[in-house]
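The chain contents come next:
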Amino acid sequence: MLDPKRIRSEPEQIAASLEKRCFRLDVAWLGEVDARRREIQLAAEALRNERNLRSKEIGKAKREGGDAGEALAAVAGIKSRLEELDGELQALQGELRDYLLGVPNIPTDAVPPGEDESANRLIAEWGSPRRFDFPLRDHVEIGAGLAGTTPDSAALDFAAAGRMTGARFVVMQGGLARLHRALGQFMLDLHSREHGYTEINVPFLVNADSLTGTGQLPKFADDLFHLRGRQDYYLIPTAEVPVTNMARERIVEADSLPLRWVAHTPCFRQEAGGYGADTRGMIRQHQFEKVELVQICRPQDSAAALETLTGHAERVLQLLELPYRKMALCGGDLGFSASFTYDLEVWIPSQKCYREISSCSNFGDFQARRMRARWRNPESGKPELVHTLNGSGLAIGRALVAVLENYQDAEGRVAIPQSLRPYMDGIERLE
């Protein structure tokens, strides 16, 4: 959430900044709300002054044995009117808060202008797409040809998932399921052993306050799986939600920062609507797994922390020897809570293009204000808002897709990347 005081003091400047991300701030309405707020507060202050005067009259009348009836009636009327004004102010503040919860973060000056992903800026490329001298298979065809657990089953079985659940789910079997597990273990080990993250295991169900804190609610309610029962829960759309909320309503001492956490969780998203080629296979599913990186740091450190975090996600792709590119998202493609984002896009041979496999974002104090997440600044001794960052390190399903397609051979087999073989008991390929 943006700072309400800043919005009141410089609404035009904020509106101009939000235009970069194609969002129109209703400056006129905000001005009306602020004027009404001041009007209520002035009226309440005048009534409190009158109440004080009347209270003195009551005290004087009691001391002198006079009649305090008129003053007492006036004080009762003032109390009633103050309660009305307080109710009006609370309703107005609630209306303002509801509006501000739907206002996105301000993009940094480094965010490229543009309305959609076509305006994203290429920052770097790593590796070269492999040239194939045989007809390419996509990951669905490759998975169908790999051995399952019975002669008539496939390693990548969408039909079985469709029978037991529905569309956009998958069953993995045998060596393919093991490869999927190996990818997650490899990422967790890399980030916890070499990159300095503490592994954390979190709930897969969260409450509405947690989703509001990281910015998924109220804007993205339709994308979430909402469970209604004895408790009002949501399935997590990403580990970002529970992990970042570890800092919620806390004051962290300066010497504990930065906090670095890594978590491997399933993720659940409605993914409503059609996405063309994405409706085939594992690119866009209702349930998938991700290894998530989260950092909590001092405000002055967050820009450098984003570069470091993004480098950690890049290292996974480099060790898997998968070609990728690094993109800076333009204003129109920037996520709701982010002030700046790098997307890492891996090469998918069957689609002849790069596809997003990780978004690494700096949120500034946007999430921290919603979560009341703070650190104690030793210079002032006072609590101040932290900065939050996160990124996928990586999306496991999409990493599996990239490995299957980039490491396939003419016979439909899949070579195991060298970095994953220790997690596969030395197996060199899937048959």
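Above this text sits the structure in question.
Residues numbered from 1 in each chain as written. Predicted model: local features only at pLDDT ≥ 70, side-chain atom pairs only at ≥ 80, totals over all residues. Heavy atoms only, no water.

### A word on the packing of helix α3 (residues 27–64) against helix α4 (residues 69–100)
- Axis separation between α3 and α4 bottoms out at 9 Å; the angle between their running directions is 160 degrees. By the angle between their directions, the pair α3 and α4 is classed as roughly antiparallel. Two packed elements cross with a definite hand, and for α3 against α4 that hand is left-handed.
- Its residues placed into classes, the contact of α3 with α4 shows 19 nonpolar, two polar and 11 charged. (Axes fitted to C-alpha atoms, helices over the stretch in contact; angles between N-to-C directions. Helix = DSSP H or I, 4+ residues; strand = E, 2+ residues; numbered from the N terminus. Parallel < 35°, antiparallel > 145°, perpendicular 65-115°, else oblique. Left-handed = near helix turned anticlockwise from the far one by under 90°. Nonpolar A, V, L, I, M, F, W, Y, C, P; charged D, E, K, R; others polar.)

### Quick notes on the sheet that holds strand β6 (residues 226–228)
- Pairing in this open sheet of three strands is antiparallel, and the strands run β5-β7-β6 from one edge to the other. Each edge of the open sheet is held by one strand with a lone partner, namely β5 (205–206) and β6.
- As paired elements, β6 and strand β7 (residues 232–235) share three bridges and run antiparallel to each other. Opposite Leu-227, over in β7, you have Tyr-233 as the bridge partner. (Pairing = 2+ DSSP bridges.)

### Things to note about the state of the cysteines
- This model, assessed by the stated rule, comprises zero disulfides.
- Here Cys-297 is not cross-linked by a disulfide; its sulfur's nearest cysteine counterpart is in Cys-360, at 14 Å.
- Free of any disulfide, Cys-330 has its nearest cysteine sulfur in Cys-22, 7.4 Å distant. (Disulfide = S-S within 2.5 Å.)

### Observations concerning the pairing of β7
- Sheet analysis places β5 next to β7, joined by two bridges and oriented antiparallel. Looking across to β7, one finds that Val-206 is bridged to Tyr-234.
- Connecting the antiparallel pair β6 and β7 is a turn made up of three residues.

### What to know about the packing of aromatic side chains
- Under the criterion given, the structure shown has eight aromatic pairs.
- Ring plane angle 85 degrees and centroid distance 6.0 Å describe the contact between Phe-220 and Phe-336, whose orientation is recorded as edge-to-face. Of this pair, Phe-220 sits in the loop between α8 (208–214) and β6 while Phe-336 sits in the loop between β11 (324–328) and β12 (340–348); the two residues are 116 residues apart in sequence, bridging distant segments of the chain.
- In this structure Phe-220 comes out as partly exposed when scored by relative accessible area, which is 28%.
- Owing to a relative accessible area of 8%, Phe-336 belongs among the buried residues under this scheme.
- Consider the rings of Phe-336 and Phe-366, whose centres lie 5.7 Å apart with planes at 75 degrees: the pair is edge-to-face. With a gap of 30 residues between them, Phe-336 in the loop between β11 and β12 and Phe-366 in helix α11 (residues 366–371) connect regions that are remote in the sequence.
- Residue classification places Phe-366 among the buried residues on the basis of a relative accessible area of 0%.
- One aromatic cluster is present, built from ring pairs that chain together Phe-220, Phe-336 and Phe-366.
- One residue, Lys-326, lies across the ring of Tyr-342, its end atom 4.3 Å from the ring centre. (Phe/Tyr/Trp six-rings, centres within 6.5 Å; stacked < 30°, edge-to-face > 60°. Buried < 20%, exposed > 50% of the residue type's maximum accessible area, 1.4 Å probe, protein only. Lys NZ or Arg CZ within 6 Å of the ring centre and 35° of its normal.)

### Regarding unusual backbone geometry
- A cis amide bond links Leu-257 to the next residue, Pro-258, at an omega of 0 degrees.
- Among the secondary structure elements, Pro-258 is positioned in the loop between β8 (251–253) and β9 (259–268).
- Residue Leu-394 is reached from Gly-393 by a cis peptide bond, and omega for that bond is 20 degrees.
- Within the secondary structure, Leu-394 sits in strand β16 (residues 387–395).
- Here the phi dihedral of Arg-372 falls at roughly 60 degrees; this positive angle occurs in a residue that is not glycine.
- On the basis of relative accessible area, Arg-372 is assigned to the partly exposed category, the value being 42%.
- The backbone of Asp-425 sits at a positive phi, close to 55 degrees, despite the residue not being glycine.
- Looking at where Asp-425 falls in the secondary structure, it is placed in the loop between β17 (414–415) and β18 (429–430).
- A residue is classified by how much of its surface remains accessible, and Asp-425, at 65% relative accessible area, is exposed.

### Some words on the nonpolar core
- Within the largest apolar cluster, 57 residues are counted, with the highest numbers of intra-cluster contacts made by Leu-176, Leu-179 and Met-187.
- With eight residues, helix α7 (residues 174–193) is the largest single contributor of residues to this core.
- Discounting chain neighbours no more than four positions away, the residues touching Leu-179 are Leu-400, Val-403, Leu-404, Ile-416, Leu-420, Met-424 and Leu-430.
- One finds Val-33, Ile-40, Val-103 and Ile-106 within the second-largest nonpolar core, a separate group that totals 24 residues. (Core = buried A, V, L, I, M, F, W, Y, C linked by side-chain atoms within 4.5 Å. Contact = heavy atoms within 4.5 Å.)

### Remarks on the pattern of salt bridges
- Applying the stated criterion across every chain yields a total of 24 salt bridges.
- A salt bridge links Glu-88 to Arg-36; its shortest N-O distance comes to 2.4 Å. Taken together, the residues span a long stretch of sequence, with Glu-88 in helix α4 and Arg-36 in helix α3 at a distance of 52 residues.
- Arg-36 gets classed as partly exposed once you look at its relative accessible area, which sits at 28%.
- Here Asp-425 makes a salt bridge to Arg-178, at a shortest N to O gap of 2.6 Å. Here the residue Asp-425 occupies a position in the loop between β17 and β18, and Arg-178 occupies one in helix α7, the gap between them amounting to 247 residues. (Salt bridge = Lys/Arg side-chain N within 4 Å of Asp/Glu carboxyl O.)

### Considerations on the environment of Phe-288
- Within the secondary structure layout, Phe-288 lies in strand β10 (residues 287–297).
- Taking the C-alpha atoms as reference points, Phe-288 and Cys-330, separated by 42 residues in sequence, lie 26 Å from one another.
- Leave out the neighbours within four places in its chain, and Phe-288 touches Pro-237, Thr-265, Pro-266, Cys-267 and Arg-269.

### Examining a nonpolar patch on the surface
- On the surface, Leu-205, Leu-227 and Tyr-233 cluster together to form a nonpolar patch covering roughly 220 Å² of accessible area.
- Summarising the element assignment, Leu-227 is placed in strand β6.
- Using a relative accessible area of 34% as the deciding quantity, one classes Leu-227 as partly exposed. (Patch = residues over 30% accessible without salt bridge, like charges linked within 9 Å, V, L, I, M, F, W, Y side chains within 5 Å. Areas by Shrake-Rupley, 256 points an atom, 1.4 Å probe, with all protein chains shown as cover.)

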